[in-house]
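An overview of the molecular structure
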Amino acid sequence: MKTDVAVETTPETPLWNDPAQPVAARVDALIGAMTLQEKIAQLYGVWVGASDQGGEVAPHQHDMEEAVDLDALLPAGLGQLTRPFGTVPVDPALGALSLMRTQARIVSANRFGIPALAHEECLAGFAAWGATAYPVPLSWGATFDPALIRSMAKAIGRDMRSVGVHQGLAPVLDVVRDARWGRVEETIGEDPYLVGTIGTAYVSGLESAGIVATLKHFVGYSASRAGRNLAPASVGPRERADVLLPPFEMAIREGGARSVMHAYTDTDGVPSAADEALLTGLLRDTWDFGGTVVADYFGIAFLKTLHGIAGDFGDAAGTALTAGVDIELPTVKTFGAPLVEAVTEGRVPEEVVDRALRRVLTQKAQLGLLDPDWSPVPPALDGADLSDAEALRGRIDLDRAANRELARRIAEQAVVLLSNDGTLPLTRPRRIAVVGPNATEATAVLGCYSFPLHVGVQHPEFPVGLELPTLGETLTAEFPDAEIVAVRGTGVDDGDLSGIGAAADAARDADVVVAVLGDRAGLFGRGTSGEGCDAESLTLPGAQQQLLDALLESGTPVVTVLLAGRPYALGRAVTESAAIVQSFFPGEEGTRAIAGVISGRTNPSGRLPVSVPRGAGAQPSSYLGARLAQASEVSNIDPTPAFGFGHGLSYTTFAWDDLAVGTGQASTDGEFTLDLTVRNTGDRAGTEVVQVYLHDPVASVVQPVQRLVGYTRVPLEPGEARRVHVTVPADVASFTGRDGHRVVEPGELELRLAASSADTRLTATVALTGPARRVDHTRRFHAVLTHERV
């Protein structure tokens, strides 16, 4: 459907509006016709909120920004619209209408007819009212299933694109280095290969739907000291290169990501937003990234206000532009009048403005925003009567049955059974005591970037917009013949001990206790997990450990269920719980997924994307630790986890055998081949996750004891066997050598075929021969695993 704001093709159509011309020529022509103010206007966004009446968007005010006058800004143009759907609750159809009308206004106000690019958050689904709340990224990692995550991202992208959104600020590719960090829930895990493969799948899905995926946070944000948000990062160049950067390399090269967001972090005194060696030297000159670099919100202004490396906002803008930041988000602060003034005075060369503008306009051209037939009408409103706003209310469903089915599958595959003495699955329990602060809390399944907790909590007058059954409710449905008794016991973090006695009494009167503990997601101290909600230790928040201990003392079997955003030390529950079920904010279908695992309707197949600590204070720690990071006789702190990375149990059993190793030798530019058989030796269908770890016993620089280089899910019927074929290229043994370059060294290696980082089933000793070989970002990233029935 075309509107009167679209540009008609005529013989006088400017070159930049001619889609038959090369994009580069169109962009160059447009840049040549622009004034300085028009150029800079394309390099910033304005934070807005769509109207629930379908009118134009209204500027959103934040305590870190000044009021924005759209009437004054729009004649020069506008680069981006920040979060029109993710700022206030709005019916999706009326939000789409509001965005459409605003785009028409933007196009008509600037002399080139350039629309804005609209971006939204999409970390656990499209962050809009009524949109599907999928599991958080830590649950994506727990699935060990890139194909499933790609399907989810494609569905999220379709929903965003249908209402007029162009860019999504996801995925987070930060690798967990300290589980006390509040944003652990937003990450995919503690292993760079898992983060890279799952994150790349998400990028591929989002981009396939026409949405520009934005990788964040580039780079080092998760390595902050003491797990504090926005703290300096304590990493050396080798840790940065071998742990933090590979997921970004993979997502750019294999996923096709078109945007990167700089981190707030400073590393060794250089903020990411001012790091020209990172944003230009590495990202563009070495990796050949051709997309846009966007600022993390207010990150350019932080060069002055937090980092103290710029004297004024004009200097901050020039420093960021020179480093390689193209777009200021969320709103205009430094790239507006301060940048115009700095360029006019000669403090910032106009060439760096043109460089950023070329990238921005190239992306807009690729999205069709410069084409003469572009229309502001989004696909979801195509053919609708746009004159009657109220008639549109409810027309767009962002939580369709197909979305919910995807959310259910991910939630089920992400549930990790940590321990089980045979109590699970439950068989016809007579009386279940469901105890704990998350047992009857509907939003306990949601992360901090879900719309209800990110935005909705500020608007209690609006309904949640989703069906969010509590675990108590889903257990009642799962066990219709059982008596369910729900007791809160204590709050998530209030420290209240007064209800623990009643909880223990309920436990003693029950056949089984389901203790539902964990986190409350929030922002900046308003929760126990989420952005700005860092933890001093990994003890369960509040009085939850005291509650759990009281339940364990009741004599009734206790099934401990965690609805959390990070792993926690569980004290005596590690050995005394009848079973432990770990779920990382599993989304709107999460409690049904957990209930299905408890009843046995679903056979769990999730694996830990982060280790579960044995002690609350042994942080930072990671399974990626070198030998000196392991338990030893010279320290009284034992960092050995209670449950290691990759761990997860099933209701069936698996046997691994018949390992066959190819030649056992390969050149430093060759590959190894392995074969093994995995057999389901139990009486029900299940899925084993075969993981391949590399151990390098002697290297020129210190290496982790082991690291993941490949994995695959192997579904098996009872008695079924599959032959798993493994190809391990020498490239995956590479690391950053003493000279700062990535190298494959000759020598002996161990390839550990494992059910987790702590459970090696088979080991192949192999050798690399020949000279040391330098590799780069074009290296082979993957050990390839396939399987076939035998």
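Residues numbered from 1 in each chain as written. Predicted model: local features only at pLDDT ≥ 70, side-chain atom pairs only at ≥ 80, totals over all residues. Heavy atoms only, no water.

**Some details on the overall build of the protein chain**
Counting its secondary structure elements, the protein chain contains 22 helices and 28 strands. On the principal axes, the C-alpha backbone points of the protein chain span a range of 80 × 65 × 50 Å. When the 790 residues of the protein chain are sorted by exposure, 64% land in the buried category. In the protein chain, the proportion of contacts linking residues at least 24 apart, taken out of those at least 6 apart, comes to 80%. Within the structure as shown, the protein chain displays about 26,900 Å² of accessible surface, and the carbon and sulfur contribution to it stands at 50%. (Helix = DSSP H or I, 4+ residues; strand = E, 2+ residues; numbered from the N terminus. Buried < 20%, exposed > 50% of the residue type's maximum accessible area, 1.4 Å probe, protein only. Contact = heavy atoms within 4.5 Å. Areas by Shrake-Rupley, 256 points an atom, 1.4 Å probe, with all protein chains shown as cover.)

**A few points about helix α13 (residues 337-344)**
Buried residues of α13: L339, V340, A342 and V343, and no others. Down the axis of α13, the buried side of the element spans an arc of 165°, and every buried residue falls inside it. More than 90 degrees from the buried face of α13, the exposed residues found are A337 and T344. Buried residues belonging to α13 abut α2 (36-41), α12 (313-323) and α14 (350-366). (Arc of directions from axis to C-beta.)

**Let's talk about the sheet that holds strand β14 (residues 512-518)**
Pairing in this open sheet of six strands is mixed, and the strands run β11-β16-β15-β14-β12-β13 from one edge to the other. Each of the sheet's edge strands pairs with one partner strand only, and the pair in question is β11 (416-420) and β13 (483-487). Sheet twist, expressed as the mean angle between neighbouring strand axes with direction ignored, is 15°. With six bridges connecting them, strand β15 (residues 558-564) and strand β16 (residues 579-584) associate as parallel partners. Its bridge partner being in β16, V559 is matched across the sheet by A579. (Pairing = 2+ DSSP bridges. Axes fitted to C-alpha atoms, helices over the stretch in contact; angles between N-to-C directions.)

**Re the packing of helix α6 (residues 146-162) against helix α7 (residues 192-208)**
Running from N to C, α6 and α7 cross one another at 35°; their axes reach a closest spacing of 7 Å. You can see that α6 and α7 cross each other, and the crossing is right-handed. Between α6 and α7, the contacting residues are P146, I149, R150, M152, A153, K154, I156, G157 and M160 on the first element and T197, I198, A201, Y202, S204, G205, L206 and S208 on the second. Looking at side-chain class alone, the contact of α6 with α7 contains ten nonpolar, five polar and two charged residues. (Left-handed = near helix turned anticlockwise from the far one by under 90°. Nonpolar A, V, L, I, M, F, W, Y, C, P; charged D, E, K, R; others polar.)

**What to know about the packing of aromatic side chains**
A complete count under the given rule lists 14 aromatic pairs for this structure. One aromatic cluster in this structure is built from F144, Y193, Y623, F645, Y693 and Y711. Of note, K216 hangs over the ring of Y449, and the distance from its end group to the ring centre comes to 5.6 Å. In this structure, K304 is placed above the aromatic ring of F313, and the distance from its NZ or CZ to the ring centre is 5.3 Å. (Phe/Tyr/Trp six-rings, centres within 6.5 Å; stacked < 30°, edge-to-face > 60°. Lys NZ or Arg CZ within 6 Å of the ring centre and 35° of its normal.)

**Describing the packing of α7 against helix α9 (residues 246-253)**
It is the contact of α7 with α9, at a shortest axis distance of 8 Å, that shows an interaxial angle of 30°. Classified by the interaxial angle, the pair formed by α7 and α9 is roughly parallel. Classified by chirality, the crossing of α9 by α7 is right-handed. For the pair formed by α7 and α9, the contact residues are P192, Y193, V195, G196, T197, T200 and V203 on the first element and P247, M250 and A251 on the second. Each residue belonging to the contact of α7 with α9 can be placed in one class, and the counts come to seven nonpolar, three polar and no charged. (Parallel < 35°, antiparallel > 145°, perpendicular 65-115°, else oblique.)

**Here's the deal with the confidence of the model for the protein chain**
Counting all residues, the mean pLDDT for the protein chain is 96, and 99% of those residues have values of 70 or more. Within the model, pLDDT remains below 50 along residues 1-9, and this stretch shows 22 contacts once partners closer than five positions in the same chain are excluded. (pLDDT = per-residue confidence, 0-100.)

**As for helix α8 (residues 237-244)**
Within α8, the full set of buried residues consists of R240, A241, D242, V243 and L244. Where α8 is buried, its residues contact α7, α9, β8 (266-267), α10 (276-286), β23 (735-736) and β24 (742-744).

**Notes on the pattern of salt bridges**
In this structure the tally under the stated criterion is 47 salt bridges. Between R240 and D275 there is a salt bridge whose closest N-O contact spans 3.4 Å. With R240 in helix α8 and D275 in the loop between β9 (270-271) and α10, this residue pair connects regions lying 35 residues apart in the sequence. Residue R240 is classed as buried on the basis of its relative accessible area, which comes to 18%. Residues joined in a network through salt bridges with shared partners are E405, R408, E412, E478 and R601. (Salt bridge = Lys/Arg side-chain N within 4 Å of Asp/Glu carboxyl O.)

**A closer look at the environment of R238**
Within the secondary structure layout, R238 lies in helix α8. For R238, a relative accessible area of 31% translates into the label partly exposed. Residues R238 and G740 lie 502 residues apart in sequence; the distance between their C-alpha atoms is 7.4 Å. Beyond its immediate stretch of four places on either side in the chain, R238 contacts V243, V701, T736, G737 and R738. A polar contact is formed between the side chain of R238 and the backbone oxygen of G737, at a distance of 2.7 Å. (Polar contact = N/O pair within 3.5 Å; in protein donor to acceptor, adjacent residues only side chain to side chain.)

**Thoughts on the sheet that holds strand β28 (residues 784-789)**
Pairing is antiparallel across the open sheet formed by four strands, whose spatial order is β17-β19-β22-β28. The outermost strands of the open sheet, each flanked by one partner alone, are β17 (654-661) and β28. Direction aside, the axes of adjacent strands within the sheet are offset by 20° on average. Relative to β28, strand β22 (residues 721-729) runs antiparallel, the two being bridged by six bridges. Paired with T727 across the bridge in β28 is V784.

**Considering the state of the cysteines**
Scanning the entire structure with this criterion turns up zero disulfides. With no disulfide partner, C533 has as its closest neighbouring cysteine sulfur the one in C448, 7.2 Å distant. C533 sits in the buried class, given a relative accessible area of 2%. (Disulfide = S-S within 2.5 Å.)

**Remarks on the side chain of D174**
For D174, the location among the structural elements is in the loop between β5 (167-168) and α7. Here D174 occupies a buried position and makes no salt bridge, while the nearest side chain of opposite charge, R183, is found at 6.7 Å. Looking at D174, its side chain comes within polar contact range of the side chain of H217, at 2.7 Å. Ignoring anything within four residues of it in the chain, the contact list for D174 reads W181, T187, G189, V195, K216, H217, G220, Y221 and S222. (Lys, Arg positive; Asp, Glu negative; His and termini not counted.)

**Side note on the pairing of strand β4 (residues 117-120)**
Across the two faces of β4 the burial is the same, with L117 and H119 and A118 and E120 all buried. As judged from the three bridges shared by strand β3 (residues 80-82) and β4, these two strands associate in the parallel manner. Bridge assignment links L81 to a residue of β4, and that residue is A118. On the question of chirality, the crossover connecting β3 to the parallel β4 by way of helix α4 (residues 92-109) is right-handed. Bridging between β4 and β5 involves two bridges; their strand directions are parallel. Each bridged residue has a counterpart across the sheet, and for E120 the counterpart in β5 is G168. (Right-handed = clockwise from strand over helix to strand, strands pointing away.)

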